[in-house]
Amino acid sequence: MIGKLISFSLRNRMIVLLIAAGMFGWGLYSVTTSKVDAIPDLSENQVIVFTEWMGRSPQIIEDQVTYPLVTNLQGMPQVKYVRGVSMFGMSFIYIIFDDKTDIYWARERVLERLNYANRLLPEGAIPTLGPDGTGVGHILWYTLDAQGMDLGEQRAVQDWYVKFALQNVPGVSEIASFGGFQKQYQITVDPNKLTYYNLSVPQVMAAVRANNNESGGRKFEMSDIGYIIKTTGYLQSLEEIESIPITTQNTIPVSVRDIATVQMTGESRLGIFDLNGEGEAVGGIVVMRYGENAEEVIRNVKAKMEEVSTGLPKGVKFNIVYDRSGLINESVDSIKTTLIEEMLVASAIVFLFLFHWRSALIIIIQLPLAIAIGFILLNLFGITSNIMSLTGIALSIGVIVDDAIVMVENAYRHLADAQQIEENE
């Protein structure tokens, strides 16, 4: 078989050259379209289910949230195992799928099971899927440099403007906000006053909830004009919350201000984000979607940041504190330099040992052609151009030329023997 293949190649040199040129061109195209990252993604193929039920102990979370979810999420197709973690007020379920499973197919299967499992959970515990990212998906961190603006206002700008804008960038799975204070209205109830007015906390909650909504009415016509009736009752200030009536005693309404104190403050925090020891900061983490090109996503996010900057309040700007593109570029450039150096050294050594430029050229051509074919295979199998994959190519440079050297030297020996026989005759 090998002899026939060699004979065919010798008789059809033009076809062989055209095939080699085509593979080399395809390889160059694969180099330009290859996904680039600094480190390989070795994380497991997993889907995360997150459930928040604040104020409950880890044991309650384990019994009423984690255990029902774990037992109902088991038995799905292509699932290796299911892990559950319970902590104060939160539950995490990690569903590990087979490596060949499509991640979005897996997320659909998990959603199907959650539709049934929701009936088993207590009121207020709503499971949600985590972002479709991986363990190495944190590609960029940024903070807001806002001199003179308090942390609550900075967090509001981040949550209600910056986050929504950056989430529209192709390849971004999530913008995870951190730092600052999340503004909220807090009603601090005085238990003594509740007892005095014979009220309960659920009554206060029901009154506030009932007065913070919008009701729709019917349509009526007058003078051949149709009017739609509706009532707008959304609370917009502390004074409106304080004026909410809870009950009536002896024809005198009891409002929220009579039994509680209303104030605007920040949500309870379990930690802070400090930047370089210079104080607290507000920012976000850009999480890349599964299987995307890290270099391209970072470039698009930075371009979007320049566009978003025009709409930020005066004096507010982005401060990038972690950017993987620098590590990516330095790693890839280092490997590229090593590849070029190894190709030149290998070519020089081959030429010096054979001392025949046509024979050396046959061997040297294999180096760029083999590397081009390697990038074709990287793209076909969805492997990024990272330190591991490019280093593998660099380590194989010395092995690539071995078979060509053996074949060329063998052919050279046969030609020399044939020429010697002709001279003797």
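Residues numbered from 1 in each chain as written. Predicted model: local features only at pLDDT ≥ 70, side-chain atom pairs only at ≥ 80, totals over all residues. Heavy atoms only, no water.

1. Thoughts on the overall build of the protein chain
Counting its regular elements, the protein chain contains 14 helices and 14 strands. In terms of overall size, the protein chain is more extended than a compact globule, its C-alpha atoms giving a radius of gyration of 34 Å where 425 residues would be expected to give roughly 22 Å. For the C-alpha atoms alone, the extent of the protein chain along its principal axes is close to 135 × 60 × 55 Å. Residues classed as buried in the protein chain amount to 32% of the 425 residues present. Surface exposure of the protein chain reaches about 26400 Å², of which carbon and sulfur atoms provide 58%. (Helix = DSSP H or I, 4+ residues; strand = E, 2+ residues; numbered from the N terminus. Rg over C-alpha atoms; globule rule 2.2 N^0.38 Å. Buried < 20%, exposed > 50% of the residue type's maximum accessible area, 1.4 Å probe, protein only. Areas by Shrake-Rupley, 256 points an atom, 1.4 Å probe, with all protein chains shown as cover.)

2. Focus: the domain arrangement of the protein chain
By convention, interface size is frequently given as the accessible area that disappears when the constituent parts associate. Looking at the assigned domains, one finds that the protein chain contains domain 1 (1–33 + 328–424), domain 2 (43–130) and domain 3 (184–266). Taking the mean C-alpha position of each, domain 2 and domain 3 sit 37 Å from one another. (Domains from an automatic or database assignment.)

3. Quick notes on the nonpolar core
Grouped together as the largest cluster of nonpolar side chains are 46 residues, with contacts concentrated most on Ile139, Tyr142, Val162, Val286 and Phe318. In terms of nonpolar packing, the next biggest core, distinct from the first, is built from 21 residues, Phe97, Ile103, Ala106 and Ala125 among them. (Core = buried A, V, L, I, M, F, W, Y, C linked by side-chain atoms within 4.5 Å.)

4. A look at the pattern of salt bridges
In a structure, side chains of opposite charge can pair up when their charged atoms sit close to one another. Inspection of every chain in the model, using the stated rule, returns eight salt bridges. We note a salt bridge from arginine 109 to glutamate 112, for which the minimum N-O separation is 2.7 Å. Of this pair, arginine 109 and glutamate 112 are both found in helix α4 (residues 103–117), three residues apart, which corresponds to roughly one turn of the helix. Measuring nitrogen to oxygen at the nearest pair gives 2.9 Å for the salt bridge that ties arginine 289 to aspartate 132. Taken together, the positions of arginine 289 in the loop between β13 (283–288) and α10 (294–309) and aspartate 132 in the loop between β4 (126–129) and β5 (138–146) put the pair 157 residues apart, joining distant regions of the chain. (Salt bridge = Lys/Arg side-chain N within 4 Å of Asp/Glu carboxyl O.)

5. Let's talk about helix α5 (residues 151–166)
Helix geometry: α5 is bent most strongly at glutamine 158, by close to 35°. Within α5, burial applies to Leu151, Gly152, Gln154, Arg155, Val157, Gln158, Asp159, Val162, Ala165 and Leu166. The elements touched by buried residues of α5 are β5, β6 (172–178), β7 (183–189), β13, α10 and β14 (316–323). By the N-cap criterion, in which a side-chain oxygen at the helix start approaches the backbone nitrogen of a residue two or three places on, α5 is capped by aspartate 150, the distance to glycine 152 being 2.9 Å. (Bend = angle between axes of the 7 residues up to and from the residue. Contact = heavy atoms within 4.5 Å. Polar contact = N/O pair within 3.5 Å; in protein donor to acceptor, adjacent residues only side chain to side chain.)

6. Overview of the sheet that holds strand β2 (residues 79–87)
Reading across the sheet, the four strands line up as β2-β3-β1-β4 and stay open at both edges, with antiparallel pairing between neighbours. At either margin of the open sheet sits one strand with a lone partner, and together these are β2 and β4. Taken over all neighbouring pairs, the strand axes of this sheet differ in orientation by 20° on average, direction set aside. Judged from the eight bridges that link them, β2 and strand β3 (residues 90–97) form a sheet pairing that is antiparallel. (Pairing = 2+ DSSP bridges. Axes fitted to C-alpha atoms, helices over the stretch in contact; angles between N-to-C directions.)

7. A closer look at unusual backbone geometry
Located in the positive-phi region is glutamine 78, a residue other than glycine, with phi close to 65°. Mapped onto the elements, glutamine 78 comes out in the loop between α3 (58–73) and β2.

8. Topic: a nonpolar patch on the surface
A contiguous nonpolar patch, built from Val345, Ile349, Phe351, Leu352, Phe353, Phe355, Trp357, Leu361 and Ile365 and spanning about 1000 Å² of accessible area, is present on the exposed surface. Contributions of two or more residues to the nonpolar patch are made by α11 (324–354) and α12 (357–380). Considering every element that reaches the nonpolar patch, the biggest residue donor is α11, with five residues. Position of phenylalanine 353 among the secondary structure elements: in helix α11. Assessed through its relative accessible area of 73%, phenylalanine 353 is described here as exposed. (Patch = residues over 30% accessible without salt bridge, like charges linked within 9 Å, V, L, I, M, F, W, Y side chains within 5 Å.)

9. Looking at the UniProt feature "transmembrane region" (unreviewed entry) in the protein chain
This chain's UniProt record puts "transmembrane region" (unreviewed entry) on residues 12–29 and 363–381. Along residues 363–381 the backbone is 95% helical and 0% strand, and the end-to-end C-alpha distance reaches 28 Å. (UniProt positions renumbered as here; feature names shortened; annotations may be inferred.)

10. Some points on the packing of α5 against α10
Between α5 and α10, the least distance of the axes is 10 Å, while the angle of their chain directions is 140°. The two elements α5 and α10 cross, and the hand of that crossing is right-handed. Here Tyr161, Val162, Ala165 and Leu166 of α5 lie close against α10, whose contacting residues are Val301, Lys304, Met305 and Val308. Here the contact of α5 with α10 is composed, by residue class, of seven nonpolar, no polar and one charged. (Left-handed = near helix turned anticlockwise from the far one by under 90°. Nonpolar A, V, L, I, M, F, W, Y, C, P; charged D, E, K, R; others polar.)

11. Observations regarding the sheet that holds β6
Spatial strand order, β6-β13-β5-β14: four strands in an open sheet with antiparallel pairing. The open sheet is flanked by β6 and β14, the only strands paired with a single partner. Across this sheet, the average inter-strand angle for adjacent strands is 25°, counted without regard to direction. The pairing of β5 with β13 spans five bridges and is antiparallel.

12. Thoughts on the environment of leucine 369
Note on placement: leucine 369 falls in helix α12. As for leucine 369 and leucine 28, which are separated by 341 residues in sequence, their C-alpha atoms are 9.7 Å apart. Residues contacting leucine 369, with those up to four places away along its chain left out, are Ala20, Met23 and Phe24.

13. Structural notes on the environment of valine 47
Turning to its location among the elements, valine 47 is positioned in strand β1 (residues 46–52). Placed 85 residues apart in sequence, valine 47 and aspartate 132 show a C-alpha to C-alpha distance of 7.7 Å. Excluding its chain neighbours within four sequence positions, the residues that come into contact with valine 47 are Ile93, Tyr94, Ile95, Phe97, Ile103, Ala106, Arg107, Val110 and Leu129.

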